[in-house]
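# A look at the structure
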Amino acid sequence: AEGSTYRNNIGAIAGLFILWYSKKFHNKKSFFINGSVTISSEVPRMPTMIKKCYEIIDGFAVREPYSYHELKDYLKSDLKLQFFPDSAFNVSLDETKVDKSLKDRVNTYGDYICFSRSMIRENRSAIGYLIKTLVDQGFKIIFFAKDDTDQFIKQYADGDNTIFLNDKYNYHDIMYVLSKSKALISGRYHHLIFSLKQGTPVVMLNTSSHKIIGLNQMYKDFFSRVFDPGNLYNETELIVDELKRVIKANKRTDILILSENYNNEFNKMTSWLLKK
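Let me sum up the structure you'll find in this document. (Residues numbered from 1 in each chain as written. Predicted model: local features only at pLDDT ≥ 70, side-chain atom pairs only at ≥ 80, totals over all residues. Heavy atoms only, no water.)

The next point concerns the packing of aromatic side chains. This model, assessed by the stated rule, comprises 17 aromatic pairs. When the ring of Phe-17 is compared with that of Tyr-21, the centres are 5.7 Å apart and the planes differ by 35°; the resulting orientation is tilted. One end of the pair is Phe-17 and the other is Tyr-21, both in helix H1 (residues 10-26) and 4 residues apart, which spans about a single turn. Aromatic rings pair up to connect Phe-89, Tyr-219, Phe-222, Phe-223 and Tyr-262 into one cluster. (Phe/Tyr/Trp six-rings, centres within 6.5 Å; stacked < 30°, edge-to-face > 60°. Helix = DSSP H or I, 4+ residues; strand = E, 2+ residues; numbered from the N terminus.)

Here you go:
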């Protein structure tokens, strides 16, 4: 599975319980893998569940270094704790599975950037302000919008300077579009990884857990910081400056190499699991 374990997240509570129950009552090999963990004093149910689960299961692997260090500090142990990059690093673009009409449209669109919003509920007018600022500065934009809460972005698509891609497109389509893009602005964790897998630079927006801060730490030599989607009116100028900087830096090859290294690190999880 994959996901974020934070505050009062019901999916995380269920997952931790199933892991604990599996080991406690059925003595099954049980592992937490491919997730992020936030230790928080807000609704402090999760930390105790994490500790009880960690004490009994066979291994605990998180997908970014922020979670690793926070868990290590909280548990006072790293005997079962590992860091393996997210499984999305193991996904590769297959151009034969890319929608042909999309490919044709992208290839004739000219230079563009991509955008997908954060999971944090921002002020919609602030999103519009960011988009207008980008268009006014000459950027063409392709929007990614899969979830229902993202569909309002369609109102900003004019077909000329901005294109809207809904949930009918698969991850090969998304990665192909990103491979041709100058950069991505996003608060979607897997969109960011898909972009980095193509060597395409990113500007990261924060989300409801610290997984994106953790991802930013993994690419700290390329990207300055994570931006606040709840403060877009004040952050827009800084976001645009960062966007221009990462495009101008032209570190695509270096980003691609680092992303491939993270894929190799992810693949080490197999031997770790088998040793357990």
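The next point concerns the sheet that holds strand E8 (residues 184-186). In spatial order, the strands read E7-E6-E5-E8-E9-E10; together these 6 strands make up an open sheet with parallel pairing. At either end of the open sheet lies a strand with only one pairing partner, and these are strand E7 (162-165) and strand E10 (226-227). Against the sheet, helix H6 (residues 171-180) touches strand E5 (113-116), strand E6 (141-144), E7 and E8, its axis set at about 155° to E6. Lying over the sheet, helix H7 (residues 189-197) contacts E5, E6, E8 and strand E9 (202-205), oriented at roughly 165° with respect to E9. (Pairing = 2+ DSSP bridges. Contact = heavy atoms within 4.5 Å. Axes fitted to C-alpha atoms, helices over the stretch in contact; angles between N-to-C directions.)

The next thing to look at is the side chain of Asn-263. As for its position among the elements, Asn-263 is in helix H10 (residues 252-267). With near-sequence residues (within four places) excluded, Asn-263 lies in contact with Phe-89, Asn-90 and Lys-197.

Okay, a nonpolar patch on the surface next. The grouping of Phe-17, Ile-18, Tyr-21 and Phe-25 at the surface amounts to a nonpolar patch, some 430 Å² of accessible area in total. Locating Phe-25 in the fold gives a position in helix H1. Exposure remark for Phe-25: the relative accessible area of 52% places this residue in the exposed category. (Patch = residues over 30% accessible without salt bridge, like charges linked within 9 Å, V, L, I, M, F, W, Y side chains within 5 Å. Areas by Shrake-Rupley, 256 points an atom, 1.4 Å probe, with all protein chains shown as cover. Salt bridge = Lys/Arg side-chain N within 4 Å of Asp/Glu carboxyl O. Buried < 20%, exposed > 50% of the residue type's maximum accessible area, 1.4 Å probe, protein only.)

For strand E2 (residues 31-37), the tally of buried residues reaches 6 of 7 residues, placing the bulk of the element in the interior. Across 3 bridges, strand E1 (residues 3-5) lies against E2 in parallel orientation. Across the sheet, the residue bridging to Ser-4 is Ser-36, located in E2. Note on the crossover from E1 through H1 to E2: the handedness is right-handed. The pairing of E2 with strand E3 (residues 59-62) spans 3 bridges and is classified as parallel. Bridge assignment links Gly-35 to a residue of E3, and that residue is Val-62. (Right-handed = clockwise from strand over helix to strand, strands pointing away.)

Turning our attention to the packing of H6 against H7. At a minimum axis separation of 9 Å, H6 and H7 run at an interaxial angle of 55°. In terms of orientation, H6 lies oblique with respect to H7. Between H6 and H7 lies a crossing of right-handed hand. Facing H6, whose interface residues are Tyr-171, Ile-174, Met-175 and Leu-178, H7 presents His-191, Phe-194 and Ser-195. Residues of the contact of H6 with H7, tallied by class, amount to 5 nonpolar, 2 polar and no charged. (Parallel < 35°, antiparallel > 145°, perpendicular 65-115°, else oblique. Left-handed = near helix turned anticlockwise from the far one by under 90°. Nonpolar A, V, L, I, M, F, W, Y, C, P; charged D, E, K, R; others polar.)

Turning our attention to the sheet that holds E1. Within the open sheet, the 4 strands sit side by side as E1-E2-E3-E4. Their pairing is parallel. Each edge of the sheet is formed by a strand with only one pairing partner; in this case those strands are E1 and strand E4 (81-83). For this sheet, the mean angle separating the axes of adjacent strands, direction not counted, is 45°. Helix H3 (residues 65-75) rests against E2, E3 and E4 of the sheet, and its axis sits at about 160° to E4.

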